[in-house]
Amino acid sequence: DAGITQSPRHKVTETGTPVTLRCHQTENHRYMYWYRQDPGHGLRLIHYSYGVKDTDKGEVSDGYSVSRSKTEDFLLTLESATSSQTSVYFCAISETDMDYGYTFGSGTRLTVV
Amino acid sequence: SQQGEEDPQALSIQEGENATMNCSYKTSINNLQWYRQNSGRGLVHLILIRSNEREKHSGRLRVTLDTSKKSSSLLITASRAADTASYFCATGGGTLTFGKGTMLLVSP
């Protein structure tokens, strides 16, 4: 999607290993979000950021941490991956936090074996 | 927990027919948004309706909002095979909370 890229697109990792997913934007938007999408659950918010070094937890934050050292990059880290973290992860950006649509990345499909 | 809940879960129609999807939510909202997701892709923002608006149009899309019933509907007129996708409602006021989606299949 224009202005936002996620890497990697696919990853297979072993239980117990750390994993970092990257979201990069070129829109200079203040707000960035990480969601996970699972069958039967829809999209659930993991963490979000409202500025450089400003982050907060979402609905399903346990086992995840985030960092935002630059406006354009938002990193999601699974400290010690578990099979329950097998999912599709989406990053999204928005210019404001009110009355504004999100732009989503293409997603990262993560499999923990 | 999910704020929005779409209905039906799945919908199958023929090209040229209209498709209507509904969304119900539980608490007060600032706005309600609809998104489309094609298989294997990210979500795409379709339309946003504010809590003080009752109806909004965008091309072949018509969205209504009834805050007294805490519900919204998305109407796609003259559906095309390319409209085949999952459609999600999301309620906002800070971060967005998404429903589980309606899968729409439009057959040629």
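Residues numbered from 1 in each chain as written. Chains lettered and ligands numbered in written order. Predicted model: local features only at pLDDT ≥ 70, side-chain atom pairs only at ≥ 80, totals over all residues. Heavy atoms only, no water.

Trainee: Please clarify how the pairing of strand E5 (residues 43–50) of chain B should be interpreted in this entry.
Mentor: Each regular strand carries side chains that alternate between the two faces of the sheet. Across seven bridges, the pairing between strand E4 (residues 31–37) of chain B and E5 of chain B is antiparallel. Pairing of Asn31 of chain B across the sheet is with Arg50 of chain B, part of E5 of chain B. (Pairing = 2+ DSSP bridges. Helix = DSSP H or I, 4+ residues; strand = E, 2+ residues; numbered from the N terminus.)

Trainee: In this structure, what is going on with the layout of surface pockets? I would like to understand it.
Mentor: Using a probe with the size of a water molecule, rolled over the atoms, empty space left in the structure can be pinpointed. Within this model, the largest pocket holds a volume of roughly 410 Å³. Around the largest pocket, the lining is made up of 23 residues, and of these Gln37, Val88, Phe90 and Arg109 of chain A together with Gln37 of chain B lie nearest the centre. Contributions of two or more residues to the lining of the largest pocket are made by strand E4 (31–38), strand E9 (87–94) and strand E11 (108–112) of chain A. Here the element with the most residues in the lining of the largest pocket is E9 of chain A; it accounts for three residues. Classifying every residue of the lining of the largest pocket by side-chain character gives four nonpolar, 14 polar and five charged. Along its surface, the second largest pocket is lined by Gly40 of chain A together with Glu5, Glu6, Gln9, Ala10, Ser86, Phe88, Lys100, Gly101, Thr102 and Met103 of chain B. For the lining of the second largest pocket, the secondary-structure elements that each account for two or more residues are strand E1 (5–7), strand E9 (85–92) and strand E11 (102–107) of chain B. Per-class residue counts for the lining of the second largest pocket are three nonpolar, five polar and three charged. (1 Å grid on protein atoms, 1.4 Å probe; cavity = no way out; pocket = protein on both sides within 12 Å on 5 of 7 lines; lining within 4 Å. Points joined across faces, edges and corners; volume = space filled by probe spheres on them. Nonpolar A, V, L, I, M, F, W, Y, C, P; charged D, E, K, R; others polar.)

Trainee: What is the right way to look at the sheet that holds E1 of chain B in this model?
Mentor: What links the strands of a sheet is backbone hydrogen bonding, and the strands pair in either a parallel or an antiparallel sense. Residues and elements named next belong to chain B. Pairing is antiparallel in the open sheet, where five strands are placed in the order E1-E3-E8-E7-E6. Single-partner strands in this sheet number two, and they are E1 and strand E6 (55–58). Shown here is a sheet whose adjacent strand axes are inclined to one another by a mean of 20 degrees, direction ignored. Pairing analysis gives three bridges linking E1 to strand E3 (residues 19–24), with the strands arranged antiparallel. Bridge pairing links Glu6 to Cys23 in E3. (Axes fitted to C-alpha atoms, helices over the stretch in contact; angles between N-to-C directions.)

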